[in-house]
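Structural overview for review
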Amino acid sequence: MGGYVIVPSKRFLGLMGLLDEAKKNNKRTWIEIITIMMGKGVSRKYAELIVVELKARGIIKPINEPHHPVIYEIDIKKLEETLSPLKEMIEVR
């Protein structure tokens, strides 16, 4: 029999959760994005680091509206492109 299973990382699970939620509503505040990832088992500090990375990659962009707190738009297409190689490697059972 043998073989191995690739276990998805917390980062991957957090981003998948974010992708699912973004499909419902892609305009979220910073704290909502972190809370979604925390719901998937990512720690708060790690979720904050992931958000900074997503901002740097241009996946999350602030919308210039007279709102406080700032609302970010999540680019669903870019997020899917980022996750597609990982999705192929991981079999969710």
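Everything below is about the structure printed above this text.
One structure accompanies this document, and this report is about it. Here the residue index of a chain counts from 1 through its sequence in written order. In keeping with the predicted nature of the model, local features appear solely for residues at pLDDT of at least 70, side-chain atom pairs appear and are counted solely at 80 or more, and the whole-chain, interface and lining totals rest on all residues. Computation of side-chain values: all heavy atoms of the structure, hydrogens and water removed.

1. Notes on helix H2 (residues 30-39)
Because an α-helix packs 3.6 residues into every turn, residues spaced three or four apart end up facing the same way. Only protein chains enter the accessibility calculation, which uses a 1.4 Å probe; a residue is then buried when its area is under 20% of its type maximum, exposed when over 50%, and partly exposed in between. Helix and strand assignments come from DSSP, with helices taken as H or I runs of at least 4 residues and strands as E runs of at least 2, each series counted from the N terminus. For H2, the set of buried residues is Ile33, Ile34, Ile36 and Met37. End-on view of H2: buried residues confined to an arc of 155°, all on one side of the axis. Structurally, H2 contributes buried residues whose contacts are with helix H1 (10-24), strand E1 (27-29), helix H3 (44-57), strand E2 (60-62) and strand E3 (71-74). Note on H2: the residue one or two positions beyond its end, Gly41, has a positive phi of about 100°. The arc under discussion is defined with respect to the helix axis, by the directions toward the C-beta atoms. Residue contacts are defined here by distance: any two heavy atoms, one from each residue, within 4.5 Å place the two residues in contact.

2. What about the environment of Ile36?
When you line up the elements, Ile36 lands in helix H2. Separated by 20 residues in the primary sequence, Ile36 and Met16 have C-alpha atoms spaced 9.9 Å apart. Residue contacts for Ile36: discarding those within four places in its chain leaves Gly17, Leu18, Glu21 and Arg28.

3. A short note on the side chain of Arg11
With respect to the secondary-structure elements, Arg11 resides in helix H1. By relative accessible area, Arg11 is classed as buried at 18%. The residues contacting Arg11, other than those within four sequence positions of it, are Tyr46, Ile50, Glu53 and Arg57.

4. Some words on the nonpolar core
The nonpolar core is taken to be a set of buried Ala, Val, Leu, Ile, Met, Phe, Trp, Tyr and Cys residues, with the residues joined through side-chain atoms within 4.5 Å. Grouped together as the largest cluster of nonpolar side chains are 22 residues, with contacts concentrated most on Leu18, Ile33, Met37, Leu54, Ile74, Leu79 and Leu83. Elements represented by at least two residues in this core include exactly H1, H2, H3, E3 and helix H4 (76-89). With 6 residues, H1 is the single largest residue contributor to this core. Setting aside its immediate chain neighbours within four residues, Leu79 contacts Leu15, Leu18, Leu19, Leu54, Ile59 and Ile74.

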